Amino acid sequence: MENLERGRSEYTLVWIIENVGHAWQTLGEKLVSPKFITHLQENSTWTLELYPRGVSNEEYISCFFIINSADKVPNCDVDFEIIITPNGGSSRARSASIPFTARRGGFPCFMKRSEILFGNQFLNPNSLTLQCRIKLKSHIHDVCFGESFVKTHILVKRISHSCYFASDTAYKSICIRQLSESRPFMIIRIQRNHPNEFEIHLNPNDVGSNARYFTLELGLADEVTGDKFWNRRYRGWSPLPQQSIFVPVPWINQSSENTVTPVRRRLIKFDCEVAYSTGEDHAENERVVVTHRCDIETRV
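Residues numbered from 1 in each chain as written. Predicted model: local features only at pLDDT ≥ 70, side-chain atom pairs only at ≥ 80, totals over all residues. Heavy atoms only, no water.

Participant: Which parts of the structure should I look at to understand the nonpolar core?
Facilitator: Note on soluble globular proteins: their nonpolar side chains tend to be buried together. In terms of nonpolar packing, the biggest core is built from 37 residues, with W15, L50, F65 and I84 touching the most fellow members. Looking at this core, the elements with two or more residues in it are β2 (7-18), β5 (45-51), β6 (60-69), β7 (77-86), β9 (104-112), β12 (127-138) and β13 (143-166). The element best represented in this core is β12, accounting for five residues. If sequence neighbours within four positions are ignored, L50 has contacts with W15, I17, E29, K30, L31, I61, S62, C63, I84, L128 and L130. In this structure, L202, Y234, I245 and C272 belong to the second largest nonpolar core, which totals 28 residues. (Core = buried A, V, L, I, M, F, W, Y, C linked by side-chain atoms within 4.5 Å. Buried < 20%, exposed > 50% of the residue type's maximum accessible area, 1.4 Å probe, protein only. Helix = DSSP H or I, 4+ residues; strand = E, 2+ residues; numbered from the N terminus. Contact = heavy atoms within 4.5 Å.)

Participant: In this structure, what is going on with the sheet that holds strand β14 (residues 171-176)? I would like to understand it.
Facilitator: In sheet architecture, strand pairing relies on hydrogen bonds along the backbone and comes in two forms, parallel and antiparallel. Strand order in the open sheet made by the four strands is β14-β15-β16-β19, with antiparallel pairing throughout. Edge positions in the sheet fall to β14 and β19 (243-248), since each of these pairs with one other strand and no more. Here the strands of the sheet are splayed against their neighbours by 20° on average, with no regard to which way each runs. (Pairing = 2+ DSSP bridges. Axes fitted to C-alpha atoms, helices over the stretch in contact; angles between N-to-C directions.)

Participant: Would you mind showing me how to read the pattern of salt bridges here?
Facilitator: Pairing between side chains becomes possible if they bear opposite charge and their charged atoms approach one another. Scanning the model with the defined rule gives seven salt bridges in all. Between R266 and D222 there is a salt bridge, with the nearest N and O atoms lying 2.2 Å from each other. Of this pair, R266 sits in the loop between β21 (260-262) and β22 (267-294) while D222 sits in strand β17 (residues 213-222), placing them 44 residues apart in sequence. The class of R266 is partly exposed, set by a relative accessible area of 22%. Among the residues examined, D222 registers a relative accessible area of 3% and is labelled buried. K269 is paired through a salt bridge with D271; the nearest N and O atoms lie 3.8 Å apart. (Salt bridge = Lys/Arg side-chain N within 4 Å of Asp/Glu carboxyl O.)

Participant: Help me understand the pairing of β5 in this model?
Facilitator: As a general feature of sheets, a regular strand has side chains that alternate between the two faces. Where burial is concerned, most of β5 is hidden: seven out of the seven residues are buried. Side chains of β5 alternate between two faces, with T45, T47, E49 and Y51 and W46, L48 and L50 buried alike. Note that strand β3 (residues 31-32) and β5 share two bridges and pair antiparallel. Paired with L31 across the bridge in β5 is L50. Here strand β4 (residues 36-37) runs beside β5; their pairing, made up of two bridges, is antiparallel. The residue bridging I37 from the neighbouring strand is T45, located in β5.

So, in structure tokens, the structure goes:
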């Protein structure tokens, strides 16, 4: 009796991570996918791990797959390929092989963060797709080809605020808050020190222990011309910093006699955008596709 085809499986685990640009994990900390329940090895369960800032080197992104459980442990190797694709970006892939009994495979230095980052943020913060293509060959399991899809949604709160004030305003206080919340997320005070300089004070409030990682962008623009003459970006881990910023105002005219004269009163537009992550939401086995499954055929 001879096997027409030895037990062979090819399976792809697909993990979509939304809002990955607000992942708060630091060096050595990981995001873990929901469990993949596949038809590999008697409905074994697998998970994927992503270290957004690396296992031991924060210049790299690290990724691994884990075999959590299997009713039967075959004496075979696991050939795997891991592919990372940022939304709107190009894919990177690496492959290797491990014994099934090792139960963990991957790459501590899969790729440099700089390859998919811009200014310490992911090129497109909306999503990142991690695929793990697995190939097994064993006498034990059935023939199986398929895909499983799961999703992790990083929960992010966003606040946008815009207002206007005159260039000769001596003092202005701005409350940045969610519409549904009475307590301000942050109070920003703008003070004019002299005609050509503003001082901006950032006074954040404690938004609770559920706030993880934040991005903050501030901007000042001339309402008449629409030119943004100042902007500042911050990112990091909560709590937000309390600080003062000095902003020069470039509204001066230079006469032929080298005498400086302030321009007339203008309207200034102030913009503030803040986003901070608060946790994760998982969709487990969002979709399972098995293209072919059968018992091992034999002949005499």
